Each structure stands twice: as structure tokens, then as C-alpha cells.
Amino acid sequence: AFLSDLIERVLVIARKVNSNAAVKMFLNSAAGGEDLDAAGEAAKAALLSFQVQMYDLEDLFADVKQTEFLIVTVPTELAVRESVRLLNDLTFEAPDMPIKVRNVVANQVLNDDEDDVKSFLNRISDGQSSSIRELKMATDSMSRRPEITEVPYLDTEPRGVFGLKALSEELLRENCASAL
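All of these numbers come straight from a predicted model, not from anything done at the bench.

About the criteria used
Residues numbered from 1 in each chain as written. Predicted model: local features only at pLDDT ≥ 70, side-chain atom pairs only at ≥ 80, totals over all residues. Heavy atoms only, no water. Salt bridge = Lys/Arg side-chain N within 4 Å of Asp/Glu carboxyl O. Helix = DSSP H or I, 4+ residues; strand = E, 2+ residues; numbered from the N terminus. Buried < 20%, exposed > 50% of the residue type's maximum accessible area, 1.4 Å probe, protein only. Contact = heavy atoms within 4.5 Å. pLDDT = per-residue confidence, 0-100. Expected span 1.5 Å × (residues − 1). Arc of directions from axis to C-beta.

Enquirer: Can you walk me through the pattern of salt bridges in this structure?
Expert: It is possible for side chains of opposite charge to pair when their charged atoms get near one another. Per the counting criterion, the structure on display carries seven salt bridges. Residues E82 and R85 are paired through a salt bridge, measuring 2.7 Å at the closest nitrogen-oxygen approach. Here E82 and its partner R85 are both found in helix α4 (residues 77-91), three residues apart, which amounts to about one turn of the helix. Its relative accessible area of 39% is what places E82 among the partly exposed residues. The exposure class of R85 is partly exposed, given its relative accessible area of 46%. Two residues, E150 and K136, come together in a salt bridge whose shortest N-O distance is 3.5 Å. Residue E150 is found in the loop between α5 (114-140) and α6 (160-179), and its partner K136 is found in helix α5; the two are separated by 14 residues along the sequence. Through salt bridges with shared partners, a single ionic network connects E82, R85 and D89.

Set out below in C-alpha cells:
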């Protein structure tokens, strides 16, 4: 609807400009001799073509036989909240045009067994160590080398004022300890 309204407004403005001889003459002189009418018609045709394509896309999304959405997320609170919001927007936002969602995929899910968790933590630790080394090597050659602050893994995602406060306390504790 927004795009359709925008295109309609642009076309109305174009008609008004083309109907006013003084404005048309001013634009022709500013265009340096280019054929303003031809450029305007080409732009109008492109806008109308785009509008038709958007209607076709809307029809495609509304056709449950041809289109469905697959939501992929990771099992963190923030990611799940965003996925639930997307699911609601796709299926309930416009009851006359719901988009079919039959599957939600949650990646990076750990099993409850101890070996899976231990293996996962070892892989994460190795990957982080390698990435930190790479970051340090990249900054070592710089004349004004930035300080790298390593923030320990928090047991929850920092959310809201409390989460940011906990994160800042952790950062300050690290900075104070390294200064001593």
C-alpha cells in the first residue's frame, strides 16, 4: 500500500509539472536540452512497471500453494523473540493475506548429554582463541594499535538496563584488575 501510494503521488506530481508551461520551460532549460518529456514518460513507465511487479509479488506471497516462509533461528532469547514476532507478522498481521509458515528451524541446539556440551565448549573455546590471536596479529602492525578488551562470556544475554549494568560492571572489573 505504501509503495502504491508513493508511486501514485509521484505520477500526480509529474502530471502537474507537465501541465504547467512555466515549470516545464524551467526544467527544460535546466536539463540542458535533453528531451524532458521522453525522460518523464520513461520514468513513468518504469514506475508503473515496478508497481505491477510489486502487485505480482504480493499475489505470489498470498498464494499458499506457491509460497511458504521458513523461519530459521538460534535458541537465544533475543533471536526467539524476533522469530516469534516475525511469525506473528507473517501469519496474523494481515488475516486476508497470511503467509504460510509450516516450519521453524532452531540451529545450534545442544543435547543434554555431557559429551555434547563439553565438545561444544571446547570447539567454541578453540574458535575464540584462534579469532583473538588473529585480531591481535591484525592490530600488532598498526602504529596506533587499539586496545582489545576481552569480555568474559555472560550466562545470560545482556538485555535492558540490568543487563547493560551487569556488562559494564564486568568491563570495569576487568579494567580495574588489569590496571593493578
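Enquirer: I would appreciate a short explanation of the environment of E68 in the present structure.
Expert: With respect to the element layout, E68 can be found in the loop between α3 (36-62) and β1 (69-73). In this structure E68 comes out as partly exposed when scored by relative accessible area, which is 30%. Taking the C-alpha atoms as reference points, E68 and I99, separated by 31 residues in sequence, lie 6.3 Å from one another. Setting aside its immediate chain neighbours within four residues, E68 contacts K100, R102 and N103.

Enquirer: Help me out: how do you make sense of unusual backbone geometry in this one?
Expert: Among all residues save glycine, negative phi is the norm, and among peptide bonds the norm is trans. The backbone phi angle of Q108 is positive, close to 60°, even though this residue is not glycine. Overall, Q108 belongs to the exposed group, its relative accessible area being 65%.

Enquirer: What should I look at first to understand the confidence of the model for the protein chain in this one?
Expert: In low-pLDDT segments, the atomic positions of the prediction should not be examined closely. Confidence along the protein chain averages 78 in pLDDT terms, with 80% of residues attaining 70 or more. Looking across the protein chain, the model is least confident in helix α2 (residues 21-30), with a mean pLDDT of 65, and most confident in β1, with 90.

Enquirer: Explanation requested: α4 in the structure shown.
Expert: Each α-helix turn comprises 3.6 residues. Residues three or four places apart therefore point the same way. Compared with the 21 Å implied by 1.5 Å per residue over 15 residues, the 21 Å span of α4 between its first and last C-alpha is a close match. If you check which residues of α4 are buried, you get A79, S83, L90 and T91. Down the axis of α4, the sector holding all buried residues measures 85°, keeping them to one side. The inward-facing, buried residues of α4 abut β1 and β2 (101-106).

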